[in-house]
Amino acid sequence: MERPVSARLFAEAQRHIPGGVSSPVRAFKAVGGTPPFLVRGEGAYVWDADGNRYLDYVLSWGPLILGHAHPEVLARVEEVAKRGLTFGAPHPLEAELAQAVKRAYPGVELVRFVNSGTEATMSALRLARGYTGRKYLVKFRGNYHGHADGLLVEAGSGALTLGVPSSAGVPEEYAKLTLVLEYNDPEALRALLRARGEEIAAIIFEPVVGNAGVLVPTEEFLKALHEARDYGVLLVADEVMTGFRLGFGGATERFGLRPDLVTLGKILGGGLPAAAYGGRREIMEKVAPLGPVYQAGTLSGNPLAMAAGLATLGILEKNPGYYARLEEVGAGLEAGLREVLSRKGIPHAVNRVGSMLTVFFTEGPVRTFAEARRTDTELFRRFFHGLLDRGVYWPPSNFEAAFLSIAHGEAEVALTLEALERVL
Ligand SMILES: *Cc1c(COP(=O)(O)O)cnc(C)c1O
């Protein structure tokens with residue numbers, strides 16, 4: 001498959017934009033090569049500037065659960081756009097989308113809209129600190145919550161080690177306020193709570209991890225997370241990826257979670273920039289203008305993103321059968337991948353929850369970030385490029401989730417498995 005136009009566009013973009021991209025993973029650093037410049041999408045497929053077609057498992061990193069260019073979503077956006085793009089004043093669609101969020105998350109009483117998942121988690125944690133009057137946060141290794149300073153932190157060695165920054169530009173003093181633990185290690189979490197529970201404002205976690213590749217939470221880990229409540233620690237479920245994907249009520253509904261605050265994004269905006277945080281009234285009333293925790297946004301709740309989100313959530317709510325279908329197609333893909341990889345004698349672990357899936361190239365099980373890192377990234381690189389050259393666009397890093405949309409069906413699974421056979 002030739003990509004001369006993408007190669008030329010990429011060279012040009014690199015003269016003007018760091019790495020030629022607006023978000024690092026798009027530059028294909030983990031797998032090498034030239035990223036296709038995508039210029040059109042329809043259903044499960046995308047086309048690059050050279051006219052090549054790909055079956056898309058990236059789906060803009062999660063938002064497009066209905067597939068590309070869904071006609072109802074486009075029509076709704078077009079209709080709203082004709083009347084003006086933004087007003088910086090209250091708009092009727094905001095409360096409508098907030099009500100859809102509340103139907104999905106019955107524990108949420110008030111919702112505040114922002115523009116990105118990063119803003120949602122950053123704001124939710126500011127609120128948690130403002131509400132509790134405490135300064136420490138807890139996160140888990142390999143979980144990603146956007147790029148706010150206090151969340152770009154990894155553990156050093158040892159479960160109780162103070163955070164060290166994982167990005168230049170994050171002061172160590174600041175990173176030290178974030179304590180990092182291994183995901184799926186309930187005992188480490190309990191030990192930290194016993195030792196320092198009273199100093200901790202919030203624990204933020206991905207209820208199913210997508211950002212280390214897919215990691216599935218154990219029941220015991222979810223139980224330990226809820227014990228944080230006994231120490232007055234707020235539990236923040238970061239459902240930016242899982243919200244409206246693992247079911248209309250996300251992971252909260254699927255696993256029966258009881259978070260104090262929820263962060264949403266991706267599917268919430270239906271392909272346009274919208275995200276949100278929400279929770280009990282008593283906590284959310286601390287947000288300005290009702291309370292002392294400041295948070296604002298020029299384009300927050302803008303009509304276009306609200307319209308795309310409402311159209312998307314409306315379609316999901318009207319078609320509860322879509323989630324059963326995503327589960328079924330996901331199970332088919334998982335079984336097919338396992339079968340082909342086993343037959344070819346390639347060590348692998350396929351982690352999947354609903355329409356989120358990762359193939360790790362290591363003997364399983366893969367439950368923690370440390371285990372995920374045992375994957376053979378060189379083998380992944382060849383898997384990725386082999387598929388790409390056969391028209392299957394898999395996420396360009398082994399530490400990312402592949403996504404399905406309702407436009408992915410048995411034909412798409414078959415196409416993927418055929419391509420994989422030939423690659424292997
Ligand atoms: C994508 C993601 C974010 C960040 O959202 P952006 O819109 O990219 O800022 C935060 N948390 C999780 C779990 C995500 O998957």
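Computed from a predicted model, the values in this text were never measured in an experiment.

## A look at the overall build of the protein chain
- For the protein chain, the helix and strand inventory stands at 14 helices and 16 strands.
- For 424 residues, the compact-globule formula gives about 22 Å, and the C-alpha radius of gyration of the protein chain, at 21 Å, lands near that figure.
- With the principal axes as the frame, the protein chain shows a C-alpha extent of 55 × 55 × 45 Å.
- Across the 424 residues that make up the protein chain, the buried fraction comes to 56%.
- Intrachain contacts of the protein chain at a sequence separation of at least 6 include 72% that bridge at least 24 residues.
- When the accessible surface of the protein chain is summed, it comes to about 17700 Å², and 53% of that surface belongs to carbon and sulfur atoms.

## So, the sheet that holds strand β13 (residues 349-353)
- Taking strand neighbours across the sheet as the criterion, the three strands line up as β13-β14-β16 in an open arrangement whose pairing is antiparallel. Each edge of the open sheet carries a strand with a single partner, namely β13 and β16 (402-403).
- Alignment of β13 against strand β14 (residues 356-360), held across five bridges, turns out to be antiparallel. When the bridges of β14 are listed, arginine 352 appears paired with leucine 357.

## Re the domain arrangement of the protein chain
- By domain assignment, the protein chain separates into domain 1 (4-67 + 320-423) and domain 2 (71-318).
- Here domain 1 and domain 2 have C-alpha centroids that lie 25 Å from each other.
- Facing 31 residues of domain 1, the contacting portion of domain 2 comprises 32 residues.
- Here domain 1 meets domain 2 over a buried area of about 2500 Å², counting both sides, of which 66% is carbon and sulfur.
- Applying the counting criterion to the domain 1 and domain 2 interface returns one salt bridge.

## Some thoughts on the sheet that holds strand β2 (residues 45-48)
- Read across the open sheet, the four strands follow the order β1-β2-β3-β15; overall the sheet is mixed. Where the open sheet ends on each side, the last strands, each with one partner, are β1 (38-42) and β15 (392-393).
- Sheet analysis places β2 next to strand β3 (residues 53-56), joined by three bridges and oriented antiparallel. Bridge pairing links valine 46 to tyrosine 54 in β3.

## Focus on the nonpolar core
- In terms of nonpolar packing, the biggest core is built from 71 residues, with Phe244, Leu268, Leu313, Leu316, Leu337 and Trp394 touching the most fellow members.
- Element by element, the count of residues in this core is highest for helix α10 (residues 303-318), at 10 residues.
- Two domains share this core, each providing at least three of its residues, namely domain 1 (4-67 + 320-423) and domain 2 (71-318).
- With residues near it in sequence (within four places) discarded, leucine 337 still touches Val350, Leu357, Val359, Trp394, Leu417 and Leu420.
- Grouped together as the second largest cluster of nonpolar side chains are 42 residues, Phe140, Ile203, Ala228 and Val353 included.

## Structural notes on the side chain of threonine 178
- On the secondary structure map, threonine 178 appears in strand β8 (residues 178-181).
- Relative accessible area serves as the criterion here: at 1%, threonine 178 is assigned to the buried category.
- Separated by 2.6 Å, the side chain of threonine 178 and the backbone oxygen of glycine 150 make a polar contact.

## Quick look at the pairing of strand β12 (residues 275-279)
- Burial within β12 is extensive, with five of its five residues counted as buried.
- Of the two faces of β12, the one lined by Ala275, Tyr277 and Gly279 and the one lined by Ala276 and Gly278 are each fully buried.
- Pairing of strand β4 (residues 110-114) with β12, which is carried by five bridges, proceeds in the antiparallel orientation. Bridging across to β12, phenylalanine 113 finds its partner in alanine 276.

## Quick look at the UniProt feature "modified residue: N6-(pyridoxal phosphate)lysine" (unreviewed entry) in the protein chain
- Mapped onto the present numbering, the UniProt feature "modified residue: N6-(pyridoxal phosphate)lysine" (unreviewed entry) falls at Lys266.
- For lysine 266, a relative accessible area of 25% puts it in the partly exposed group.
- Once you skip the residues sitting within four places of it in the chain, lysine 266 turns out to touch Trp61, Gly62, Pro63, Val240, Met241, Gly271 and Ala274.

## Re the site of the ligand
- Every residue near the ligand is listed here: Ser116, Gly117, Thr118, Tyr144, His145, Gly146, Glu206, Asn211, Asp238, Val240, Met241 and Lys266.
- In this structure, an oxygen atom belonging to the ligand sits 2.7 Å away from a side-chain N or O atom of threonine 118.
- The protein chains hide 83% of the 380 Å² of surface that the ligand would expose on its own.
- Here the shell around the ligand is built from residues that sort into three nonpolar, six polar and three charged.

## Structural notes on the environment of phenylalanine 10
- Tracing the chain through its elements places phenylalanine 10 in helix α1 (residues 4-14).
- The exposure class of phenylalanine 10 is buried, given its relative accessible area of 10%.
- Taking the C-alpha atoms as reference points, phenylalanine 10 and phenylalanine 37, 27 residues apart in sequence, are found 7.8 Å from one another.

## Quick look at the side chain of threonine 263
- Structurally, threonine 263 can be placed in strand β11 (residues 261-264).
- Residue classification places threonine 263 among the buried residues on the basis of a relative accessible area of 0%.
- Here threonine 263 is in contact with Ala120, Thr121, Ala124, Val236, Ala237, Asp238, Glu239, Val240, Ala276 and Tyr277, once residues within four sequence places are set aside.

Criteria and thresholds
- Residues numbered from 1 in each chain as written.
- Predicted model: local features only at pLDDT ≥ 70, side-chain atom pairs only at ≥ 80, totals over all residues.
- Heavy atoms only, no water.
- Helix = DSSP H or I, 4+ residues; strand = E, 2+ residues; numbered from the N terminus.
- Rg over C-alpha atoms; globule rule 2.2 N^0.38 Å.
- Buried < 20%, exposed > 50% of the residue type's maximum accessible area, 1.4 Å probe, protein only.
- Contact = heavy atoms within 4.5 Å.
- Areas by Shrake-Rupley, 256 points an atom, 1.4 Å probe, with all protein chains shown as cover.
- Pairing = 2+ DSSP bridges.
- Domains from an automatic or database assignment.
- Buried area = accessible area lost by both parts, 1.4 Å probe.
- Salt bridge = Lys/Arg side-chain N within 4 Å of Asp/Glu carboxyl O.
- Core = buried A, V, L, I, M, F, W, Y, C linked by side-chain atoms within 4.5 Å.
- Polar contact = N/O pair within 3.5 Å; in protein donor to acceptor, adjacent residues only side chain to side chain.
- UniProt positions renumbered as here; feature names shortened; annotations may be inferred.
- Near = heavy atom within 4 Å.
- Nonpolar A, V, L, I, M, F, W, Y, C, P; charged D, E, K, R; others polar.

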